[in-house]
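So the chains spell out like this:
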Amino acid sequence: TAADAALSVGWLASHFALHKAYRRWRHGLPSVVAPRLLAAAGGAAHQLRLQAAAALVTTGLQFLYLIPAALPALAAAALRLPARRRRLRALLLGAVGGLLALSRTRLPRPKYGLLRSLLLHSGLGSLLQEYHSFELIEEVPCESLPTRDAGLLYACFPHGIVPYGVVLLWLERLRRGHPLGGLGASVLFRLPLLRQWLSMAGLEPATARNLLRRLRSPGCSTFLVPGGIAEMFLNDPDYEVVQLANRKGFCKHALRAGSPIVPVYIFGQTQLFYTFSGRLQQLMRRLSRALRVSLIPFVGRSWLSPFVPLQNPLTVVVGRPINLDVAPVEAPTAEQIDALHAEFTAELQRIFDTYKGRHPGYSNKRLYVAGEDDVTRWGEEEVEAIRERRRLEQFHLFPAKL
């Protein structure tokens, strides 16, 4: 976190230095050299500005995410202080107690006005979208989607290491005045400060009770990433895999609430980070399942800033809603759930095949639907190629492309 903070400050300082040089040079250079040199300086300054914006946001998220890990260290440091440092000991123990209290206090209501000022009016949201060359494709405009009788569920795939595409979609809806609520991993709402920030953004713990309540609230739009932690380990630069074959809970609750489901596919979500491979990844996957928290090693733009994503484009495609004009079913049968799940899977596949040509590097890719432990729709040649590549990398910590 400290390295990311220093890096973002360095990017900002470089940005301001280039702008200062631009203002100093633009009147003193020869007319032939000035345009090209100033254009290069302006482009470099703008690029540094984009990188600084991404680094500042990710540094803030890192700080909030890693605070709980620092609590035992703060408490131990306070108890080891000599008796003459009573004030510092009291300060450290008070900070630990305050953070523990924040992990139990009541969550605040959504503060969309405050977030609009912090993220949109400041220009930070626009810089983040430009950093990823963000493109939003809506087959049905959000203003035309039916939300009068029940809530609307946006089911987003894939998860990726960090779902930045969902964040950019949330920013775009906030800009239009139609903010999205959402459901996140329950463990995130046990972390002090981070839980308050997520709650102000309209997020709640991903429980069946919260999902059903939101779906039964007319006019309420909710995003969900059903792939969850398991899908993070399917992050691969060569193959697009979604954890969907055994994820049917959101279909069941949509039937119970009579709520439409909007399939959302995010192209480029799996291209933002490099991940570890081989036996280390398998060990981390088992630990993540046991602890119900993501423990996946990854690196982004550089070793100094692992949380800053690679500057790759993101394209978010919002498809047509399904399960329209269907009365609520209090106790849906397995056949009804399977039918809706199959319809959603087919619609997600259609979105991928229709729009993959519009995103760089996706024209020749295929979408695979995975279960919990295996992939159910992969051809034998693809499986053999994956196994060979995994065999070559299993004793290496990082993929060859790094």
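Only a predicted model underlies this, so the values are computations on that prediction, with no experimental measurement involved.

Rules and cut-offs
Residues numbered from 1 in each chain as written. Predicted model: local features only at pLDDT ≥ 70, side-chain atom pairs only at ≥ 80, totals over all residues. Heavy atoms only, no water. Axes fitted to C-alpha atoms, helices over the stretch in contact; angles between N-to-C directions. Helix = DSSP H or I, 4+ residues; strand = E, 2+ residues; numbered from the N terminus. Parallel < 35°, antiparallel > 145°, perpendicular 65-115°, else oblique. Left-handed = near helix turned anticlockwise from the far one by under 90°. Contact = heavy atoms within 4.5 Å. Nonpolar A, V, L, I, M, F, W, Y, C, P; charged D, E, K, R; others polar. Expected span 1.5 Å × (residues − 1). Buried < 20%, exposed > 50% of the residue type's maximum accessible area, 1.4 Å probe, protein only. Salt bridge = Lys/Arg side-chain N within 4 Å of Asp/Glu carboxyl O. pLDDT = per-residue confidence, 0-100. Pairing = 2+ DSSP bridges. Arc of directions from axis to C-beta. Patch = residues over 30% accessible without salt bridge, like charges linked within 9 Å, V, L, I, M, F, W, Y side chains within 5 Å. Areas by Shrake-Rupley, 256 points an atom, 1.4 Å probe, with all protein chains shown as cover.

Draft legend 1. Structural detail: the packing of helix α10 (residues 249–257) against helix α12 (residues 334–355). Where α10 contacts α12, the axes come no closer than 9 Å and their chain directions differ by 115°. Between α10 and α12, the crossing angle belongs to the class labelled roughly perpendicular. Here α10 and α12 pass one another in a crossing that is right-handed. Along the contact surface, α10 presents Phe 250, Cys 251, Lys 252 and Leu 255, while α12 presents Gln 336, Ile 337, Leu 340, His 341 and Phe 344. Of the residues assigned to the contact of α10 with α12, the class counts are six nonpolar, two polar and one charged.

Draft legend 2. Fine view of helix α6 (residues 164–176). An ideal rise of 1.5 Å per residue puts 18 Å on 13 residues; α6 measures up with 19 Å between its terminal C-alpha atoms. Here α6 has its buried residues at Tyr 164, Gly 165, Val 166, Leu 168, Leu 169, Trp 170, Leu 171, Glu 172, Arg 173 and Leu 174. After α6 finishes, the residue Gly 177 shows a positive phi value of roughly 85°.

Draft legend 3. Quick look at the pattern of salt bridges. Tallying each qualifying case throughout the model produces twelve salt bridges. Across the salt bridge formed by Arg 358 and Glu 135, the nearest N and O atoms sit 2.9 Å from each other. One end of the pair, Arg 358, is in the loop between α12 and β11 (367–370); the other, Glu 135, is in strand β1 (residues 135–138), and 223 residues separate them in sequence. By relative accessible area, which is 26% here, Glu 135 ends up partly exposed. Glu 204 is the partner of Arg 213 in a salt bridge, and the nearest nitrogen-oxygen pair spans 2.2 Å. Relative accessible area serves as the criterion here: at 42%, Arg 213 is assigned to the partly exposed category. Put simply, Glu 138, Glu 172, Arg 175 and Arg 176 are held in one network by salt bridges that share partners.

Draft legend 4. Region of interest: the confidence of the model for the chain. Per-residue confidence for the chain gives a mean pLDDT of 81; residues scoring 70 or more make up 85%. For the chain, per-element mean pLDDT is lowest for helix α13 (residues 380–393), which scores 55, and highest for strand β10 (residues 315–318), which scores 96. Segment residues 372–379: pLDDT under 50, and 23 contacts once partners within four positions in sequence are set aside and those in other chains are kept. Predicted confidence for residues 393–402 stays below pLDDT 50, and this span has 21 contacts to residues more than four positions away or in other chains.

Draft legend 5. Expanded view of the sheet that holds strand β3 (residues 181–184). Spatially, the seven strands line up as an open sheet ordered β1-β10-β7-β2-β5-β3-β4, and their pairing is mixed. Because the sheet does not close on itself, it has two edges, and the strands there are β1 and β4 (203–205). Along the sheet, successive strands turn relative to each other by an average axial angle of 25°, direction set aside. The pairing of β1 with β10 spans four bridges and is classified as parallel. Looking across to β10, one finds that Glu 135 is bridged to Thr 315. Strand contacts of α12: β1, β2 (152–157), β7 (261–267) and β10, with the helix running at about 35° to β7, the strand carrying the most contacts.

Draft legend 6. Focus on helix α3 (residues 86–102). An ideal rise of 1.5 Å per residue puts 24 Å on 17 residues; α3 measures up with 24 Å between its terminal C-alpha atoms. What α3 keeps buried is the set Leu 92, Val 96 and Leu 99. Angularly, the buried residues of α3 cover 65° about the axis, an arc narrow enough to put them on a single face. Exposed positions of α3 whose direction lies more than 90 degrees from the buried face are Arg 86, Arg 87 and Leu 91.

Draft legend 7. Region of the structure containing unusual backbone geometry. Note that the residue after Phe 157, namely Pro 158, is joined by a cis bond; omega there is -15°. Within the secondary structure, Pro 158 is located in the loop between β2 and α6. Positive phi outside glycine occurs at Ser 133, with the angle close to 45°. Inspection of the secondary structure puts Ser 133 in the loop between α5 (124–131) and β1. Residues other than glycine seldom take positive phi values, yet Leu 193 does so here, at roughly 70°.

Draft legend 8. Spatial organisation of a nonpolar patch on the surface. A cluster of nonpolar side chains, namely Leu 283, Leu 287, Leu 291 and Leu 295, defines an oily patch on the protein surface of about 330 Å² accessible area. Looking at the element boundaries, Leu 287 is found in helix α11 (residues 279–291).

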